[in-house]
Structure formats: C-alpha cells, structure tokens
Amino acid sequence: MSRIHVNTTVNGDAVDYLCEAEDTLLDVLRDTLDLTGSKEGCASGDCGACSVLVDGRLVCSCLVLGAEAEGRTVETIEGMAEGDTLHPLQKNFINKAALQCGICTPGILVAAKNLLEKNPDPSEEEVRYWLAGNLCRCTGYDKIIRAVLDTAAEMRGAA
Amino acid sequence: MAKDEFQTREFKVVGTRVPRPDGLDKVTGRARYGADMSAPGMLHGYCLRSPHAHARIVSIDTSAAEAMSGVKAVVTRADFTVTPEDQGTRDILDNVMADKKALYDGHTVAAVAATSRSAGMKALKAIKVEYEVLPHVIDVDEAMKPGAPELHEGRSQESVPEGYSQNVLARSQYGHGDIDAGFAKADVIIERSFTTAATHQGYIEPHACLATMGNDNQGDLFCCTQGHFLVRSTCAEIMGMESGRLRVTSSEIGGGFGGKTTVFLEPVALMLSKKSGKPVKMTMSRDEVLRASGPTASTSIDIKIGATKDGRITGAWGDFRYQSGAFYAMNGALGAMCGFAPYDLENLKTVGWEVVTNRPKAAAYRAPGAPMAAFAVESVMDELASSIGMDPIDFRLMNGAEEGTKSAYGPTYPAIGLKATLEAAKAHPHWSAPLGENQGRGVGCGFWFNFGGNTSVSLMINPDGTVSLSEGNPDIGGSRASMSMMAAEELGIPYRQVRTIIADTASLGENDVTDGSRVTFAVGLATIKAARHAIETMKARAAKTWGIDADAVEWVDGAAQPAGPNAGKFPPLTLKEIAATMSNTGGPISGHHEANAEGAGVSFGTHICDTEVDPETGAVKILRYTVFQDAGKAVHPDYVEGQLQGGAVQGIGWALNEEYVYGEDGTLQNPGFLDYRIPVASDLPMIEPVILEIPNPGHPYGVRGVGETGIVPPLATIANAVSRAADVRMTSLPMSPPKLLAAIKAK
Ligand code: FES
Ligand code: FES
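Criteria and cut-off values
- Residues numbered from 1 in each chain as written.
- Chains lettered and ligands numbered in written order.
- Predicted model: local features only at pLDDT ≥ 70, side-chain atom pairs only at ≥ 80, totals over all residues.
- Heavy atoms only, no water.
- Helix = DSSP H or I, 4+ residues; strand = E, 2+ residues; numbered from the N terminus.
- Rg over C-alpha atoms; globule rule 2.2 N^0.38 Å.
- Buried < 20%, exposed > 50% of the residue type's maximum accessible area, 1.4 Å probe, protein only.
- Contact = heavy atoms within 4.5 Å.
- Areas by Shrake-Rupley, 256 points an atom, 1.4 Å probe, with all protein chains shown as cover.
- Disulfide = S-S within 2.5 Å.
- Patch = residues over 30% accessible without salt bridge, like charges linked within 9 Å, V, L, I, M, F, W, Y side chains within 5 Å.
- Salt bridge = Lys/Arg side-chain N within 4 Å of Asp/Glu carboxyl O.
- Lys, Arg positive; Asp, Glu negative; His and termini not counted.
- Charge placed at Lys NZ, Arg CZ, Asp CG, Glu CD.
- 1 Å grid on protein atoms, 1.4 Å probe; cavity = no way out; pocket = protein on both sides within 12 Å on 5 of 7 lines; lining within 4 Å.
- Points joined across faces, edges and corners; volume = space filled by probe spheres on them.
- Nonpolar A, V, L, I, M, F, W, Y, C, P; charged D, E, K, R; others polar.
- Pairing = 2+ DSSP bridges.
- Axes fitted to C-alpha atoms, helices over the stretch in contact; angles between N-to-C directions.
- Left-handed = near helix turned anticlockwise from the far one by under 90°.
- pLDDT = per-residue confidence, 0-100.
- Buried area = accessible area lost by both parts, 1.4 Å probe.
- Polar contact = N/O pair within 3.5 Å; in protein donor to acceptor, adjacent residues only side chain to side chain.
- Expected span 1.5 Å × (residues − 1).
- Domains from an automatic or database assignment.

**Overview of the overall build of chain A**
So, point 1. When helices and strands are counted, chain A shows five helices and five strands.
So, point 2. Tracing chain A from N to C terminus, the helices and strands come up as β-β-α-β-β-β-α-α-α-α.
So, point 3. In terms of overall size, chain A behaves like a compact globule, its C-alpha atoms giving a radius of gyration of 16 Å where 159 residues would be expected to give roughly 15 Å.
So, point 4. Judged by the C-alpha coordinates and their principal axes, chain A covers about 50 × 30 × 25 Å.
So, point 5. Sorting the 159 residues of chain A into buried and exposed places 57% on the buried side.

In structure tokens:
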C-alpha cells in the first residue's frame, strides 16, 4: 500500500512525514514524530487527552487524519513552553496541584490555553463548559478549574 | 505492635504545599506513560476477544494468520504450558487467555504480534475460532439460583450452604451480640433492599506495556501498573520463569484506582515476545479497557436496622451479595465488614457472598466493596433518623464508633476520627445553609481499613550532600513529593535537597502494590526509618571525627552536634559536611528500611451534598459538596485534598450516571466514554475538602492513608440528598434520569 507524503508545521517547525490513509493525526504525532505528549484515552473523540490545535482550532487529534495536516499548522503540548520558560498555565498547574496522575494534563493545558486566548476573563462556568470535553478521573476538576481561573487573572494583571 | 510510633512534633516541611518533582515532566508532555515507550525492532501486539458472553472454544485455527506477511507470532492458551500453583494466579492466567471456555464478552482467546497495526488487525481477522455458545448469566441474584448457567465446577468453598448454584463461591459472616434480642428491643425497624450497578475505575490511560523476552528466559517489562513487583511475580509464575530473571519497570501511571493492581496484557506480551524473539508493545483500546479490564462488582444488598425512639440502635443485619465477574474476588466479605464499621453496635450480623457471572473479572476499585455497602446501610440510617424525627448527624453521632468500640468486623478501635468528621460536618455552614424548591441535602459516613504491607526504601547520601531516595511504589498522585518531604523533615534539610525515584524490581527489595491507601503510610514510615538509619551512621561519623562516643552525638536541624556540655565542645557538622568527607570517615553512607508495615490507622469520612432534582426529567444536579475526612496528618495538603475531591467525584459518577449495560445476549452495550459517561467539568460544583488530623498512633508523624475512604460515603450521601429532594426513597444505583423519573411518577 502506498503511503501519503504530508508537509506540515508542528510547533513552529516545518515537518514532513509519510502516513497511511487511515492513520490519525494522533498516531502520526505519537508514533511517527515521537511527540508522545498527546495521549490516547479513547480514540473516539470522547476524552480530550489528545487535544491539539490545528490552524489555531482546538481539535481531538484522534479524530483528524494525519493526511489532513497537509499545509496546516499543528500545535501540541510539546510546543507550549518557550524554551525553558513555562506558560503561566503550566506553572500554575504545578504550583496549584492541578494534576494527580497527569495523563489528562497535556490535553487540558492545550484546551485551557486556547480558551484564554479567546476569552481572557472566563467565568467559572465558561471554564467548566470549555473543558467539558477533557476528562479527568483523578482530581474532580476542582483544582484544574481554579488553576485556570487564577492563571487568567494573573495574565490579565500582567497584560 | 507499632501502636506507639507517633510522637508530637513541630513540622517544618510536612504540611507545606511544595511543587511536586514530576510536575515539570507532566505539564510539558515529557513524562513517559505506559504507551509512550518504544524499542528498536518492536512489534505491535493485539488480542482477539470473544464476542460471546459464555461459549465453549471448540477449536482455534491460527494457521492462516501465521502465514501472513508481517505476522511474527500468534499465541493461544496452548502456548501457556505452565499451570501456576496458586489458584489466584491460575485465575489470572485464565482471565488473560481463555482456556476451554470464553467466560465473558471481551475475554481474550488468541493474540498476534505483527510489524504494523494493519498487519496485526488483518491477522486477527484470519484466526478462525469455532465457538459453542452456552447460556449465560449477568445478574447476581439470578446467578445464585440453582439451575443458573454455571461458569465453573467444584470451586464453591465449604462455607456455601446447600441450595445455591455453583456460581456462589464463598460466604462469610461477621458480627456479635444477639440480633433477635436486639430487634425485639427496637421501637422502629426499617428493612430495605438495594442494588448497585457495576462501574469501571475509568482511568484515562488504557493498559499498556512493552515486553522483551528471550529464549534464554530473561525478560524486561515496562508497563503502567500500581505494583511492578506484583507484575513480576505474577508474570514469572505464568511464564514458568524465576522472578529474578524478569525485571519490571513501572511507567508513569495515568490513573489506576485499584484497576491496575493485576495483570491483563503483560503475560500475553511476554509470550508474544518470547515466540517472536522481538520486543512487543501492547496497548488496550478504550473498548478493550471497558470490556476486559476490571470493573467493580455489581451488588444486591438487604439491610435491616432497629432503633429505640430516642435514637439508640438496638440491632442491625445485612446481607451483601456481590458478583465479581467470571472469577473469585473478595468483595462481598469486604462489604459485610465495612458497611456498619462507622457504628458502635451491640447486636450485629452481616453476611457476604462472592458470586461469579459472565462479566469481566472484577478488580479493586478504591475501597473495594465498601461504597455499595455504605450506600445501603447509610440509606437505612437516613430513613431511620427521619422516622424517629432525629437529625441525621445527631443520630450518627449517638451511635458512632470511637476509641474502644468493638468494630463490625471484629477488632476494637484505637483512636479514630469518625465523630470528629461528624462534629465538623455539623458545625460547617453547609449543614445549615438554606435549601430551595426541589432541593435536598444528604449526609453519609464511610470507612476504610487502610493497609501497610511489605515495603523497602533506600536513601543515599550523595557526596555533595544531596539525598537520593528509592522507593518501589508507582506514584499515582504525588507520592514522590510526600516521600521527599518526609525524608527532608526527618533529616532536617530542605525539600529540594531530596529527590525520590521509583526503582525497578531489580534495584530494590520487595514492595507490595500501591493499594489499600498504603503508600503515604507504609512507604512514608520506611522512608522515615531509612532516614533515621542514615542519621545513625552520620552521627557515628561525626563522633569519629570528634573522637567522642557515638551516644554523645545528637541530630538537630540537619546536623550532628554534641549531645550536651559533657560531650565536648565542637561546632555542629552538617549533613553536607559529613557527606563531603565520608570517603575518609568510613566510605559511602546510606540508610535503608525493609519491613512488613503494621499500624495503618483506619479511616473515616463524612460527606454532605446538596442536590436539585428536575421533576420533569428526573435529572439531578449536584449543587454543593463538602468532604470531611481524617488524614491523621496531611503530609502534602494539596494532594490530600485532591484525593478527597477525586474520590467524591468518582462517587458522584457511580451514584448518578455510571453503569455497565448488558444486552440480552450478554454483551456489553456501552464500551466507550460516550455511553459509559464519567463526570465532566460542567456537571460539577467545586468540591470543598475539610481535612481533620487525628494522629494515627502507628506512624511517627501520625499519617493515615487517605486514598480510598473518599469514595465510600458519596453513593449514600447523594442518594439521601436525592431521596429528600424528590421525596421518594431511591434504592437502586445509578439514579439515572429515567429511573428517578419513574420513581417520582410512581409516588
Ligand atoms: S483520544 Fe482523542 S478524544 Fe480521547
Ligand atoms: S490527573 Fe489523572 S486523569 Fe486527570
């Protein structure tokens, strides 16, 4: 079976890869590009552990085909920190104990960053609904929601 | 034993909220979980699973699959030629690879290793299995009846009386006093029957492993597990190899909650690797996780409690029937032990039943067996309090267990925190806050034993004065942080000076599984003792340097100093200074501790919940939720709170949504997160955690395990809240909208 040659941009870098027609973007990220920060919790769009941005839009990478990334820009958790400087969300997730096992964390951080870019001053309810597609089984969400709200306030203060 | 460990002290590190050492890896995507590891030349392994709930395997033909391009190995039960001695391990083998019968929908019957996923999938399709479909049974009460389809033969223990099917594997009984006399003294008696559905632990990380095994019978395994030492011994037994020849390394673990305290893929991956001569990686899909890894038991429970008009319980009885899937599990017994554990009862009898059905083998789920029992008992407690016109917290306080109470499961309690949690709940503003229309408030208590167990810890003093700590229990929710904190506390050095890692099975002595809420207690205890061991050596080195007796040296704030004016006048020698010169004073310094830890203090919690019921749809909204739990001593309060919050929310899912739904044909109808719906952020309010600290006499810092108790009270708490909001007693979980609506309509 011949494979598809894809040219795309991942975390700011030009990347090309070969994938099979049925490979999802998540498969490509994890297995071909070694970007294992995006997680597979369900492969059906129900858990959000695989959340990435494609052209700035929050998607489940398990529901996008690898071939569809042609000519687009993809952002994953691996691109969230700038060098050794963590994004304020990343810092606050550590400092405010917003993770326990951490498997949901990459997806939640990608989704939360996208929220704060669109809405720098979300209400608790807006954060809860925005993150409703990201399952966390450990925390009960409480400390996650607080970390996102606190980060939003901090970033507004700094701006 | 070990009751006198606790000593009051001023803490410097313990009790603070420091950043966890694995935080950076986990917020940047660098942390390596089970599925994140690869090896050169690695194959991908896949399981072929039974589509039937119960079927005899007439034949399996793998020849076509074996002949396919890219397929490097196919295994069936015929490849597992060793019969483990222990019945429990034989059950595990029968569960990971079906023998003569497939016992549930999703039971593995064969597996392949191939060079790609597409080759593996094609190979699975090419395996021909001939099944003879047998009648099946899913419901616990049905499974117990004579004449029910039977899964096994000759497995029922002697404790099972005549008149039941062979699916009833065991019966156990607890209690004391005379319940007939007790009920005779009661003014009010309430008797009810309850059912709870099977639920899944629902960890977001599916099971995954990478196995390398050669024909020299040496192997390496990397996997997500709650206990890599147990994985080692179980796999070695199944593979017929000595356990020292198998090294198991635990990955970061993406949730377990008890579900990763056994093996599923690991022996299969090892066998595929052995047969193919190549590393084999296996990962479950979510469908496989739900169909074939451990859910919890579903239950059917009867409870009867009698009390006097002034609120004193005179007699209590409970019958706890638990189905644990296709194999034995001790679940009903735990329910029978835990349900009444919060109370001081004169006359009590409980019976627990272990029943098998055509469902996946139940695995532990956070305080296994206890939440369902608490649901039943605490529901009747609530009704009883109402019927005698008493406040439900006062009723519980009046009958609550305390130090000296003979527990429902036998032993007499030392200092415990049940009443403290009830008092705290009563005094909390939540308890007296006003409620609106269609709203109701519930309260419930819960108990868990907690556990100690086999533990090994090594603590190395490095030449530059930093400290490396090796422990052998996978870190599920911040335990590397809490171990570093306890080591720093004991050594009298800053937290940042200690780094804790999880050692593989070849690098440290035996460690029991991360279960029973044992890690902060038992590994913490071993960490403190390992630090004390190192301190003894450092004191001896200082004594040697000063030319005085080792007994004349004491350890204060991270330094050795003469114990008094008579010992001599020397400036203190810090840990750093002792480390810098250790090669001249006798060589490397380390401390270690190995023990089967005892003295894990039992744990109690009380929850309060407000719900609003929509009378038009039967939908329930959780408005407010407060958790009160005794932590003994909270080492890292953030992560203690996280355990209380996470447990409560899993309980909310169990109470309201989560349920294994089976079709007529015995196949699971909802094996995915869309239809098996766990709580999402928008379903919930903030969960307020209130930590109480009643020191555990069995731990130097007073620590009790906190991981499991948090899931025990919610089922009852929410049921009590919903029953009050809807003014109809709910006795079946989950309280899904259609079920609640039907109950409201039938009022
Ligand atoms: S893996 Fe993509 S949503 Fe779950
Ligand atoms: S921290 Fe474990 S799933 Fe979210």
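Further notes follow.
**Let's talk about the overall build of chain B**
So, point 1. Counting secondary structure elements, chain B contains 21 helices and 26 strands.
So, point 2. The C-alpha radius of gyration of chain B comes to 27 Å, within 12% of the 27 Å expected for a compact globule of 747 residues.
So, point 3. When the backbone C-alpha atoms are referred to their principal axes, chain B occupies close to 85 × 75 × 50 Å.
So, point 4. For chain B, the proportion of contacts with a sequence separation of at least 24, taken over those separated by at least 6, is 78%.
So, point 5. Accessible surface computed for chain B: about 25,500 Å², of which carbon and sulfur atoms make up 50%.

**Some remarks on the state of the cysteines**
So, point 1. Under the definition given, this model contains zero disulfides over all chains.
So, point 2. We note that A:Cys19 lacks a disulfide partner, and the nearest cysteine sulfur, in A:Cys62, lies 16 Å from it.

**Some thoughts on a negative patch on the surface**
So, point 1. There is a patch of like negative charges on the surface, built from B:Glu437, B:Glu612, B:Asp614 and B:Glu616.
So, point 2. By the secondary structure assignment, B:Glu437 is in the loop between α14 (429-432) and β16 (439-448).

**A closer look at empty space enclosed by the protein**
Residue and element names in this part refer to chain B.
So, point 1. Under the defined criterion, the tally for this structure stands at five cavities of 30 Å³ or more.
So, point 2. In this structure, the largest cavity spans a volume of roughly 70 Å³.
So, point 3. The wall of the largest cavity is formed by Cys47, Arg49, Asn95, Val96, Tyr104, Thr108, Phe264, Leu265, Val268, Met284 and Ala292.
So, point 4. Of all the secondary-structure elements, those providing two or more residues to the lining of the largest cavity are β1 (43-49) and α3 (87-96).
So, point 5. Residue composition of the lining of the largest cavity, by class: eight nonpolar, two polar and one charged.

**Quick word on the sheet that holds strand β3 (residues 71-76) of chain B**
Residues and elements named next belong to chain B.
So, point 1. What the seven strands build is an open sheet, ordered β3-β5-β1-β12-β9-β10-β11; its pairing is mixed. Only two strands of the sheet have a single neighbouring strand rather than two, namely β3 and β11 (246-250). Between one strand axis and the next, the sheet turns through 20 degrees on average, direction left out of account.
So, point 2. Packing of helix α8 (residues 266-276) onto the sheet brings it into contact with β1, β3, β5 (108-114), β9 (208-213), β10 (219-223), β11 and β12 (280-283), and relative to β9 it is tilted by some 35 degrees.

**So, the packing of helix α3 (residues 105-118) of chain A against helix α5 (residues 142-158) of chain A**
A pair of packed helices is captured by two measures, namely the crossing angle of their axes and the spacing between those axes.
Residues and elements named next belong to chain A.
So, point 1. It is at 11 Å that the axes of α3 and α5 come closest, and there the two elements cross at 40 degrees. Remark: the crossing between α3 and α5 carries right-handed chirality. Every residue of α5 that contacts α3 at Ile108, Ala112 and Leu116 is listed here: Ile144, Val148, Thr151, Ala152 and Met155.
So, point 2. Each residue belonging to the contact of α3 with α5 can be placed in one class, and the counts come to seven nonpolar, one polar and no charged.

**Description of the confidence of the model for chain B**
So, point 1. Per-chain confidence: chain B averages 96 in pLDDT, with 100% of residues scoring 70 or above.
So, point 2. Confidence estimates for the predicted assembly give a pTM of 0.97 and an ipTM of 0.98.

**Digging into the pairing of strand β18 (residues 467-471) of chain B**
Residue and element names in this part refer to chain B.
So, point 1. By the criterion of burial, β18 is predominantly enclosed, with four of the five residues buried.
So, point 2. Bridge count for strand β17 (residues 453-461) against β18 is five bridges, and the pairing is antiparallel. Counterpart to valine 457 in the pairing with β18 is glutamate 471.
So, point 3. The turn linking β17 back onto β18 is made up of five residues, and glycine 465 within it adopts a positive phi angle of 90 degrees.

**Examining the interface of chain B and chain A**
So, point 1. With 51 residues of chain B in contact, the opposing surface of chain A contributes 45 residues.
So, point 2. It is B:Val27, B:Ile204 and B:Met686 in chain B that bury the most area against chain A; as a group they hold 19% of the surface buried on that side.
So, point 3. As a salt-bridge pair, B:Asp36 and A:Arg30 come within 2.7 Å of each other at their nearest N and O atoms.
So, point 4. There are 25 residue pairs in polar contact (both at pLDDT 80 or more) connecting chain B and chain A.
So, point 5. Counting only elements with at least two residues in the side of chain B that touches chain A, the list comes to α1 (23-28), α4 (117-126) and α19 (637-656) of chain B.
So, point 6. Looking at which element gives the most residues to the side of chain B that touches chain A, the answer is α19(B), with nine residues.
So, point 7. Considering only residue class, the side of chain B that touches chain A consists of 26 nonpolar, 16 polar and nine charged.

**Description of helix α12 (residues 392-399) of chain B**
So, point 1. Within α12(B), six of the eight residues are buried, which leaves the element mostly enclosed by the surrounding structure.
So, point 2. Those residues of α12(B) lying buried are B:Pro392, B:Ile393, B:Phe395, B:Arg396, B:Leu397 and B:Asn399.

**Examining the pattern of salt bridges**
Residue and element names in this part refer to chain B.
So, point 1. The final tally for this structure, using the stated rule, is 54 salt bridges over all chains.
So, point 2. In this structure, arginine 247 and aspartate 504 form a salt bridge, with 3.4 Å as the shortest nitrogen-oxygen distance. Of the two residues, arginine 247 sits in strand β11 while aspartate 504 sits in the loop between β19 (498-502) and α16 (519-546), which places them 257 residues apart along the sequence.
So, point 3. On the basis of relative accessibility, which here comes to 12%, the residue aspartate 504 falls in the buried class.
So, point 4. The salt bridge partner of glutamate 252 is arginine 480, with a shortest N-O separation of 2.9 Å. Pair noted here: glutamate 252 is in the loop between β11 and α8 and arginine 480 is in helix α15 (residues 479-491), with a separation of 228 residues, a long-range link. Of the two residues examined, glutamate 252 and arginine 480, each falls in the buried class.
So, point 5. Members of the salt-bridge network, linked through shared partners, are Arg20, Asp22, Lys26, Glu252, Asp475 and Arg480.

**Describing the sheet that holds β19(B)**
Residues and elements named next belong to chain B.
So, point 1. If you trace the four strands from one edge of the open sheet to the other, you get β19-β18-β17-β23, paired in mixed fashion. One side of each edge strand has no neighbouring strand; the edge strands of this open sheet are β19 and β23 (589-597). In this sheet, neighbouring strand axes are inclined to one another by 15 degrees on average, regardless of whether the strands run parallel or antiparallel.

**Side note on α19(B)**
Residue pairs spaced three or four apart in an α-helix point in one direction, given the helix's 3.6 residues per turn.
So, point 1. Spanning 20 residues, α19(B) covers 28 Å between terminal C-alpha atoms, matching the ideal 28 Å at 1.5 Å per step.
So, point 2. Counting buried positions along α19(B) gives 20 out of 20 residues, so the element sits mostly inside the fold.

**So, the domain arrangement of chain B**
Residue and element names in this part refer to chain B.
So, point 1. Taken as a whole, chain B is organised into domain 1 (42-378) and domain 2 (457-585).
So, point 2. With centres defined by C-alpha atoms, the gap from domain 1 to domain 2 works out at 40 Å.
So, point 3. Between domain 1 and domain 2, the residue contacts involve 15 residues of the former and 18 residues of the latter.
So, point 4. Carbon and sulfur atoms supply 58% of the area buried between domain 1 and domain 2, which totals about 1,300 Å² over both sides.
So, point 5. The largest share of the area that domain 1 buries against domain 2 comes from Gln226, His228 and Phe229, three residues that together contribute 44% of it.
So, point 6. For the interface between domain 1 and domain 2, the tally reads seven residue pairs in polar contact (both at pLDDT 80 or more).
So, point 7. Mapped onto the side of domain 1 that touches domain 2, the elements with two or more residues apiece are α7 (228-239) and β11.

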